[in-house]
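# Residue-level structure breakdown
Here are the chains, one letter per residue:
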Amino acid sequence: MKEPPSSWEDGSPERLYVITGGRSGPSTSVQLDLVTLVVAKGPPRPEMQPEQASILRMCQSPLSVAEIAAYAGLPVSVVTVLVGDLMAARRVHVRPPVPAAQLPDLALIEAVIDGLQKL
């Protein structure tokens, strides 16, 4: 028995190819990784792809690329292409996550403790 053809909405390779225009990476030079935060600069426009409009609606508050991919049900590679296009159109602001605070040098801590003990 022949299986029914796959639905256009099931994340088929053809659909993903159309969404990205056949590209496998973002059109910008900015490196987007899983933890890059994305924030929309405004609402979606009527002429946008539905996936890009969805990203703009999702990103009213900061979301990581990984979160966008999970909520949209799209592969991360597709989301990076779409976010790159939104960046090129100046529709989103992206930034790396806030880095973890660096601890001061151990020698400095020991010197402060030593100084406090001498008081």
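Cut-offs applied
Residues numbered from 1 in each chain as written. Predicted model: local features only at pLDDT ≥ 70, side-chain atom pairs only at ≥ 80, totals over all residues. Heavy atoms only, no water. Pairing = 2+ DSSP bridges. Helix = DSSP H or I, 4+ residues; strand = E, 2+ residues; numbered from the N terminus. Contact = heavy atoms within 4.5 Å. Axes fitted to C-alpha atoms, helices over the stretch in contact; angles between N-to-C directions. Buried < 20%, exposed > 50% of the residue type's maximum accessible area, 1.4 Å probe, protein only. Patch = residues over 30% accessible without salt bridge, like charges linked within 9 Å, V, L, I, M, F, W, Y side chains within 5 Å. Areas by Shrake-Rupley, 256 points an atom, 1.4 Å probe, with all protein chains shown as cover. Salt bridge = Lys/Arg side-chain N within 4 Å of Asp/Glu carboxyl O.

Across the sheet, 3 strands lie side by side as E2-E1-E3; this open sheet has antiparallel pairing. Looking at strand neighbours, the two that pair on one side only are strand E2 (63-64) and strand E3 (92-95), the edges of this open sheet. Where strand E1 (residues 37-40) lies against E3, 4 bridges are found, and the strand directions are antiparallel. Pairing of Val38 across the sheet is with Val94, part of E3. On the sheet, helix H4 (residues 76-88) packs against E1 and E3 and is oriented at approximately 115° with respect to E3.

Of note in the backbone geometry, Arg90 takes a positive phi value of approximately 60° without being a glycine. Tracing the sequence through the fold places Arg90 in the loop between H4 and E3. Take Arg90: its relative accessible area is 66%, and that puts it in the exposed class.

This paragraph deals with a nonpolar patch on the surface. Taken together, the side chains of Leu108, Val112, Leu116 and Leu119 make up a nonpolar region of the molecular surface, amounting to roughly 450 Å² of accessible area. Structurally, Leu108 can be placed in helix H5 (residues 106-117). Owing to a relative accessible area of 49%, Leu108 belongs among the partly exposed residues under this scheme.

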